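Summary of structural features
Chain by chain, the residues run as shown.
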Amino acid sequence: MKAFLIDVARCNGCHNCQIACKDEHCGTSWMPYAAEQPMTGQFWCKIDEKVRGTVPVVRVTYTPLLCGHCDDAPCMAAAKDGAVYRREDGLVVIDPEKAKGQKSIMDACPMGAIYWNEKLEIPQKCTGCAHLLDDGWTEPRCVDACPTGAMQFGEEAELDLEGAELLEPVAGLGAHVWYKNLAKRFVAGCVVDFDAREVVIGEHVVLADEGGAEVAAVDTDEFGDFMFDQVSAAKYVVRIAGKKFDADATEKDLNLGDISIK
């Protein structure tokens, strides 16, 4: 069973995977695997860019997104006449001829990974570059083009999936695109002694849950800064020098800004 493994921590947003996919499929028809991809409007592999936090604590996360090639694929269930099929290697492919006029195939995808080609009246998506694999390639163009090793492709049983996760929209569908180091939340701030007009170095900071149980602890650095990284989305309390500060990270990453301990 073929699968993708994507390490978000290694992705630097170069867009090589996205560009390679366009290069392979735009202006070229790979029938019967796939018809030509339009130059605009479709990204069978695309980089989702998210800016997290607030100035001066800001991070940008890049996440490559593509079809999950699910075991229980909703697109297959919505297709008529075998317009969507699963290959022996596990890749899910849309038959360009049989799928003509079946917009319901696109609508069924919870990832939004299927696009509608208005000109050809067909749904289209990532094929895992099945045409290249059948020609002797060991990996799709997107993986081949990744300069940081953020993307891997191979037999699922041979990939290191320890700690890997599936994206929520397809997690229960038996998807075969796995992710490591998916961005969670961070809670950050800077401890300041405003009377002394100095940051406070080495101050012990505790992150606790709503019940008061310690989740993590850290000392402020040489700039007075602290950060609790990759914590779950939840409401927390930050304890510093006997003081408590609410830290609601349920919806977004949180920068508490300058915190006075005097």
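Everything below is about the structure shown above.
Bear in mind the structure is a predicted one, so any value in this text is a computation, not a measurement.

Two faces belong to every sheet, and in a regular strand the side chains alternate between them. As defined by bridge partners, strand S12 (residues 204-209) adjoins strand S13 (residues 214-219) across five bridges and the pair is classed as antiparallel. In the strand pairing of S13, His204 is matched with Asp219. Connecting the antiparallel pair S12 and S13 is a turn made up of four residues, with Gly212 showing a positive phi of about 95°.

All right, on to the sheet that holds strand S1 (residues 2-7) then. With respect to topology, three strands assemble into an open sheet ordered S8-S1-S9, the strand pairing being mixed. The outermost strands of the open sheet, each flanked by one partner alone, are strand S8 (151-155) and strand S9 (177-180). In this sheet, adjacent strand axes meet at a mean angle of 25° when their direction is disregarded. With five bridges connecting them, S1 and S8 associate as antiparallel partners. Looking at S8, one finds that Lys2 is bridged to Glu155.

Turning to the environment of Asp225, a few remarks are in order. Tracing the chain through its elements places Asp225 in strand S14 (residues 225-231). What makes Asp225 partly exposed here is its relative accessible area of 32%. Remark: the alpha-carbon pair of Asp225 and Val200, spanning 25 residues in sequence, is separated by 8.4 Å.

With that out of the way, let us pick up helix H1 (residues 16-25). Among the 10 residues that make up H1, seven are buried, leaving the element largely enclosed by the rest of the structure. Taken together, the buried positions of H1 are occupied by Cys17, Gln18, Ala20, Cys21, Lys22, Glu24 and His25. Those residues of H1 that are buried lie in contact with strand S2 (45-54), helix H4 (130-133), helix H5 (141-145) and S8. Looking one or two places after H1, you find Gly27, whose phi comes out positive at around 80°.

To continue, consider the pattern of salt bridges. Following the criterion strictly, the structure yields 10 salt bridges and no others. The closest approach of N and O atoms between Arg59 and Asp229, which form a salt bridge, is 2.5 Å. Taken together, the positions of Arg59 in strand S3 (residues 57-66) and Asp229 in strand S14 put the pair 170 residues apart, joining distant regions of the chain. Residue Arg59 is classed as partly exposed on the basis of its relative accessible area of 32%. Looking at Asp229, the relative accessible area reads 33%, which means it is partly exposed. With a closest N to O distance of 3.3 Å, Asp160 and Lys180 form a salt bridge. Linking Asp160 in the loop between S8 and S9 with Lys180 in strand S9, this pair joins segments that are 20 residues apart in sequence. Ionic contacts of the salt-bridge type, sharing partners, join the residues Asp23, Glu24 and Arg141 into one network.

Definitions and limits used
- Position numbers for residues start from 1 in each chain and track the written sequence from start to end.
- This being a predicted model, a pLDDT of at least 70 is required before a residue's local features are given, and a value of 80 or more before pairs of side-chain atoms are given or counted; all residues contribute to the totals for chains, interfaces and linings.
- To obtain the side-chain values, all non-hydrogen atoms of the structure were used and water was disregarded.
- At least two DSSP bridges between two strands are needed for those strands to be called paired.
- Under the scheme used here, helices are H or I runs from DSSP no shorter than 4 residues and strands are E runs no shorter than 2 residues, and both carry numbers assigned from the N terminus.
- To get an axis, fit a line to the C-alpha atoms, keeping to the stretch in contact for a helix; angles then go from 0 to 180 degrees between the N-to-C directions.
- Burial classes follow relative accessibility: with a 1.4 Å probe on protein chains only, a residue under 20% of its type's maximum area counts as buried, one over 50% as exposed, and anything between as partly exposed.
- Two residues form a contact once any of their heavy atoms are found within 4.5 Å.
- In the sections that follow, a salt bridge refers to a side-chain nitrogen of Lys or Arg positioned within 4 Å of a carboxyl oxygen of Asp or Glu.

These results come straight from atomic positions and should not be treated as a statement about function.
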